[in-house]
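# Examination of the molecular architecture
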Amino acid sequence: MATPLPPLRRGTLLLLLAILVGVLASAARADLVISKAERRVDLTSYIVRVLASLKVENVGPDPVSQVLLAFPNIQAKNLAAIRAFGSEGKLKGQSIVLPIEVVQPSGAPPELTFFSALLPKPLEKGKTLHLDVLTVFTHSLQPFPEEITQAEAQLVVYQDSAHYLSPYPVKTQTLTIRLPGGRVESYTRQNAKLVDSELKYGPFQDLPPFSYSPVIVHFENNNPFAVAKEVVREIEISHWGNVQITEHYNIIHGGARLKGEFSRIDYQSRPYVRGVSSFRHLIARLPPRAHSIYYRDEIGNISTSHLWGDSKKTQLEIEPRFPLFGGWQTTFTIGYGLPLQDFVFTSDGKRFLNITFGSPMEEILIEKLIVKVVLPEGSKDIEASVPFPIKQWQEVIFQDDWSVVQVKYSHLDIVGRPVVVLEKPDVIPEHNLYFQVYYRFSNISLLREPMMLITGFFLLFVACIAYMRTDMSISKNSPSYLAKLQWDEVQATVQKIQGIFEQYLAVHDKLEGSLRDLSRTGDTQTCKAARKAADAQFKELSKELKPLLTSLQSSPQSYQIWPKVEDLIAKEREMQEKLMTRHSTVVDSFEKKLRGQDVENRIGQQQQKIAALRQEVESLLEYISEI
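For the protein, the name recorded in an unreviewed UniProt entry is Dolichyl-diphosphooligosaccharide--protein glycosyltransferase subunit 1, with Eleusine coracana subsp. coracana as its organism. Quoted straight from UniProt, the Sequence similarities (unreviewed entry) entry for the protein says "Belongs to the OST1 family."

Ranked by internal contacts, the top residues of the largest apolar core, which has 64 residues, are Leu 43, Leu 131, Ile 177 and Tyr 201. If we skip the residues at most four places from it in the chain, Leu 43 touches Val 48, Leu 141, Tyr 158, Ile 177, Arg 178, Leu 179, Pro 180, Phe 219 and Asn 221. Grouped together as the second largest cluster of nonpolar side chains are 46 residues, Val 243, Ile 318, Ile 334 and Val 344 included.

Right, let's get into the packing of helix α5 (residues 479-521) against helix α7 (residues 562-591). Viewed as axis vectors pointing N to C, α5 and α7 meet at an angle of 15°, and their least axial separation amounts to 11 Å. Relative to α7, the element α5 lies roughly parallel. When you trace α5 past α7, the crossing you get is left-handed. Here α5 contributes Phe 501, Tyr 504, Leu 505, His 508, Leu 511, Glu 512, Ser 514, Leu 515, Leu 518 and Ser 519 to the contact with α7, which in turn contributes Leu 568, Ile 569, Glu 572, Met 575, Gln 576, Leu 579, Met 580, Arg 582, His 583, Val 586, Val 587 and Phe 590.

The four strands lie next to each other as β9-β11-β16-β13, forming an open sheet whose pairing is antiparallel. Either end of the sheet is taken by a strand with one partner, and the two such strands are β9 (142-143) and β13 (184-187). Bridge count for strand β11 (residues 155-161) against strand β16 (residues 214-220) is seven bridges, and the pairing is antiparallel. Counted as the bridge partner of Val 156 is Phe 219 from β16.

So, about unusual backbone geometry. It is generally the case that most residues other than glycine have a negative phi and that most peptide bonds are trans. Here Phe 144 and Pro 145 are connected by a cis peptide whose omega angle stands at 5°. For Pro 145, the location among the structural elements is in the loop between β9 and β10 (147-148). In the Ramachandran plot, Asn 191 falls in the positive-phi region, its phi being about 55° despite a non-glycine side chain. The topology assignment puts Asn 191 in the loop between β13 and β14 (192-195).

Our focus in this paragraph is the packing of helix α6 (residues 524-554) against α7. Remark: α6 packs on α7, axes separated minimally by 12 Å, with the N-to-C direction vectors making an angle of 170°. The angle between α6 and α7 falls in the class roughly antiparallel. Where α6 approaches α7, its residues Thr 524, Cys 527, Lys 528, Arg 531, Ala 534, Asp 535, Phe 538, Leu 549, Leu 552 and Gln 553 are matched on the opposing element by Trp 562, Val 565, Ile 569, Gln 576, Met 580, His 583, Ser 584, Val 587, Phe 590 and Glu 591. When grouped by side-chain class, the residues that make up the contact of α6 with α7 number 11 nonpolar, five polar and four charged.

Before going further, it helps to spend a moment on the sheet that holds strand β7 (residues 112-123). Overall, antiparallel pairing links the three strands, which are arranged β3-β7-β6 in an open sheet. Taken across any chain shown, the strands that pair with only one partner, and hence form the sheet edges, are β3 (64-72) and β6 (100-103). In this sheet, adjacent strand axes meet at a mean angle of 35° when their direction is disregarded. When β6 meets β7, the two strands line up antiparallel, connected through four bridges. Following the sheet pairing, Val 102 is matched in β7 by Phe 115.

With that out of the way, let us pick up the environment of Leu 548. With respect to the element layout, Leu 548 can be found in helix α6. Considering only alpha carbons, one finds Leu 548 and Ile 497, 51 residues apart in sequence, at a separation of 7.0 Å.

What follows deals with the environment of Leu 134. Along the chain, Leu 134 turns up in strand β8 (residues 128-137). For Leu 134, a relative accessible area of 22% puts it in the partly exposed group. Between the C-alpha atoms of Leu 134 and Phe 85, which are 49 residues apart in sequence, the distance is 8.5 Å. Among residues more than four places away in sequence, those in contact with Leu 134 are Val 50, Leu 51, Ala 81, Ile 82 and Arg 83.

Another aspect to go through is a nonpolar patch on the surface. On the surface, a cluster of nonpolar side chains totalling about 440 Å² of accessible area is made up of Ile 444, Leu 447, Met 451 and Ile 454. Classification of Met 451 as partly exposed rests on a relative accessible area of 48%.

As a further point, take the packing of aromatic side chains. Think of a pair of aromatic rings as described by two things: how far the centres are apart, and how the planes are tilted against each other in angle. This model, assessed by the stated rule, comprises 18 aromatic pairs. Each ring, one from Phe 71 and one from Phe 115, has its centre 5.8 Å from the other, and the planes form 80°; the classification is edge-to-face. Taken as a pair, Phe 71 in strand β3 and Phe 115 in strand β7 lie far apart in primary sequence, 44 residues in all. The pair Phe 71 / Phe 115 is uniform in exposure class, with both members buried. Every member of this aromatic cluster is reached through a ring pair, and the members are Phe 262, Tyr 267, Phe 322, Phe 325 and Trp 328. The ring of Tyr 187 carries Arg 189 above its face, with NZ or CZ at 4.4 Å from the centroid.

All right, on to the confidence of the model for the protein then. In this model, the protein carries a mean pLDDT of 84, and residues with pLDDT of at least 70 account for 89%. Taken element by element, the protein is modelled with least confidence in helix α1 (residues 7-23), mean pLDDT 47, and with most confidence in strand β12 (residues 170-178), mean pLDDT 96. Counted against residues more than four places away or in other chains, residues 21-28, with its pLDDT under 50, gives 10 contacts.

Cut-offs applied
- Residues numbered from 1 in each chain as written.
- Predicted model: local features only at pLDDT ≥ 70, side-chain atom pairs only at ≥ 80, totals over all residues.
- Heavy atoms only, no water.
- UniProt positions renumbered as here; feature names shortened; annotations may be inferred.
- Core = buried A, V, L, I, M, F, W, Y, C linked by side-chain atoms within 4.5 Å.
- Buried < 20%, exposed > 50% of the residue type's maximum accessible area, 1.4 Å probe, protein only.
- Contact = heavy atoms within 4.5 Å.
- Axes fitted to C-alpha atoms, helices over the stretch in contact; angles between N-to-C directions.
- Helix = DSSP H or I, 4+ residues; strand = E, 2+ residues; numbered from the N terminus.
- Parallel < 35°, antiparallel > 145°, perpendicular 65-115°, else oblique.
- Left-handed = near helix turned anticlockwise from the far one by under 90°.
- Pairing = 2+ DSSP bridges.
- Nonpolar A, V, L, I, M, F, W, Y, C, P; charged D, E, K, R; others polar.
- Patch = residues over 30% accessible without salt bridge, like charges linked within 9 Å, V, L, I, M, F, W, Y side chains within 5 Å.
- Areas by Shrake-Rupley, 256 points an atom, 1.4 Å probe, with all protein chains shown as cover.
- Salt bridge = Lys/Arg side-chain N within 4 Å of Asp/Glu carboxyl O.
- Phe/Tyr/Trp six-rings, centres within 6.5 Å; stacked < 30°, edge-to-face > 60°.
- Lys NZ or Arg CZ within 6 Å of the ring centre and 35° of its normal.
- pLDDT = per-residue confidence, 0-100.

Written out as structure tokens, the structure reads:
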């Protein structure tokens, strides 16, 4: 059963039809008549291309210098490119490109957008003009349904008019819609004929100006809906023989979003059935002598790519790490080098870069393209020439006719390299035209970096010679040398003192352990023996500490550390006394067979004081170690 079309969009077109028929009749131009109009709509990819071949006759009394082209605003907002080609005469001859500009005829309502194709010379009365108008639209194919499962095919909806919307009367016209193949869910059947993958409407005879007949086609389209949210394309020129291209992509599948879970097993077993709406590779057509090509993402190099080429082209097949279903996105970077002599030339004392503007990817829509042209350091008088409107600025450090923003620094740069930035929304393959960036660059500037290297190595060798011939040793009688020796002695002494105090703390831990054993076994004799052994160890450690303290106190370099050492000694002795007292109290309590609660009451305050002193001693040891 066919899926019903979205009524809201159908109603919108019907409302627009009523507006056009009721309001625009007064704006019709009676001096031109379109005797024949043939439109071909290509729906085989995500980007919609419409070619209108018009035969225009001047039936009015006055010459006409322009031909108006009308589009509903709902279409005009998605118009990415429009081009017109014309030739005068009864028979179609060699066409020339006609300038296109946006106009607003008097009395025209805001529901329409008008373009004017300017003729090279006025069309006289009774003369005929053959006019071909190519329009390219984005976001004109709407997924319906908007969400599908992994196994479902993708269905899209296209809406247009069977009649050619024009401010002039049309004697005869036809509409041919080329579909990608596969099933056609539904379509407007009035005056329609579906043959294989082509849907034909008409012919229609003697239509008045602004005639509009809504057409809706609901069909299967599983071609890649590759949409780049943003592409940053950096072109860096080096007059040492290379033009380096680096392109950063953020790509999303713009088709129906994936509903439910993704099964890798199903996809790998039957990828063209269980993933028919996805795409797993993109094709980039690079210039023929591209070299040093790489393809990577944030993780690293991606090996799932294939490269082949000949004398006319280099083709790179890019396969992301995972297939892209509707709503999924991925980011990656490709880069390659080009021979300088193929893209940088000289004219009228200036050098200029001549290279294509858009992306080398096939059939990809770029919602925002930023092209950065990094010129050699020292470039001046910079101008850019692009064959279509763009947003342009320049990132430089010197004051010129441009804003002062920033530059790019590379190896051995001093003032940085000026960067020309070109930005354009909704970039399609038709925008992949050549553009030029003109600049002045002196050949003497090429010698700057080699001279910097030569000078740097020369100074390095001079410094090495001077170092080898200079006695850099410090005299043993100098105050700085003596001070260094004294400080080394202080450091060695402090390290020994730290070792002794760590032994003190180890003896304390043994006494604490004997008390824990006492509480478990009740053996007071073993505990007393541990106390006796601890006393002997304390005496030995005190004997070792005394000469070290005397040596440290007598050194002039110990003025910063000696107060802390004194504080450390005092805290340790106090902790030792408290610990011994606590030890004696616990042993005495066990001999008197007091209750556990009574023992805790007798030693509670002592225990807290010992813990606080232990923390202070450890803090002092850490502080002394840092000094």
